[in-house]
Amino acid sequence: MMTRTFFTAGALFAALAVALGAFGAHALEARLSADRLATFEVAVRYQMYHALALLAVAWAVARWPGSSAATAGWLFIAGIVIFGGTLYGISFGAPRWLGAITPIGGVCFIAGWVVLALAAWRGAATGAPSP
């Protein structure tokens, strides 16, 4: 079940990143200042990176059942929502203090990668079979 959840979330977040990227390139270029457009592009880029990471998490959950890989997936989802959400908001004129929340999403991304690495390390160390 978790495999399906993370693979679906990754695919949907990736599709949304492509759509938002196209929207930014074609509809926002003339409407946003250069720095706001750059902020928007950072949000899209990190969303795509972590959408792809969710696909890796789906594989890891299947390969190492009972590992902490699922925790990594939830951290990536939280990171996309918090990091991307605050940057998208700032791009469209939300109060700049929202930027103080953005690093929480970044910490979620970093923690997700560390937890995923630990899941892989522990799964490989126990000789967990592949599915």
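The notes below deal with the structure included here. (Residues numbered from 1 in each chain as written. Predicted model: local features only at pLDDT ≥ 70, side-chain atom pairs only at ≥ 80, totals over all residues. Heavy atoms only, no water.)

**Side note on the overall build of the chain**
When helices and strands are tallied, the chain shows 4 helices and 0 strands. Counted from the first residue to the last, the chain has its helices and strands arranged as α-α-α-α. Viewed in the frame of its principal axes, the chain has a C-alpha envelope of about 55 × 25 × 20 Å. Evaluated residue by residue, the chain yields a buried proportion of 39% over its 131 residues. Residue pairs at least 24 apart in sequence account for 75% of intrachain contacts in the chain once pairs closer than 6 positions are excluded. (Helix = DSSP H or I, 4+ residues; strand = E, 2+ residues; numbered from the N terminus. Buried < 20%, exposed > 50% of the residue type's maximum accessible area, 1.4 Å probe, protein only. Contact = heavy atoms within 4.5 Å.)

**Observations concerning the packing of aromatic side chains**
The relative placement of two aromatic rings is captured by the distance of their centres and the angle of their planes. Inspection of every chain in the model, using the stated rule, returns 9 aromatic pairs. Ring plane angle 65° and centroid distance 5.2 Å describe the contact between phenylalanine 6 and tryptophan 74, whose orientation is recorded as edge-to-face. Taken as a pair, phenylalanine 6 in helix 1 (residues 2-28) and tryptophan 74 in helix 3 (residues 69-91) lie far apart in primary sequence, 68 residues in all. The buried category is assigned to phenylalanine 6, whose relative accessible area is 0%. Since its relative accessible area comes to 44%, tryptophan 74 is described here as partly exposed. Measuring from ring centre to ring centre gives 5.5 Å for tyrosine 46 and tyrosine 49, while their planes differ by 70°; the resulting arrangement is edge-to-face. In this pair, tyrosine 46 and tyrosine 49 both sit in helix 2 (residues 34-63), 3 residues apart, roughly one turn of the helix. On the basis of relative accessible area, tyrosine 49 is assigned to the partly exposed category, the value being 43%. (Phe/Tyr/Trp six-rings, centres within 6.5 Å; stacked < 30°, edge-to-face > 60°.)

**Remarks on a nonpolar patch on the surface**
A grouping of Trp97, Ile101 and Ile104 is seen on the molecular surface, where their side chains present a nonpolar patch of about 320 Å² in accessible area. Examined against the element boundaries, isoleucine 101 turns out to sit in the loop between helix 3 and helix 4 (102-125). (Patch = residues over 30% accessible without salt bridge, like charges linked within 9 Å, V, L, I, M, F, W, Y side chains within 5 Å. Areas by Shrake-Rupley, 256 points an atom, 1.4 Å probe, with all protein chains shown as cover. Salt bridge = Lys/Arg side-chain N within 4 Å of Asp/Glu carboxyl O.)

So, to be careful, I would describe these as geometric facts and stop short of saying anything about function.
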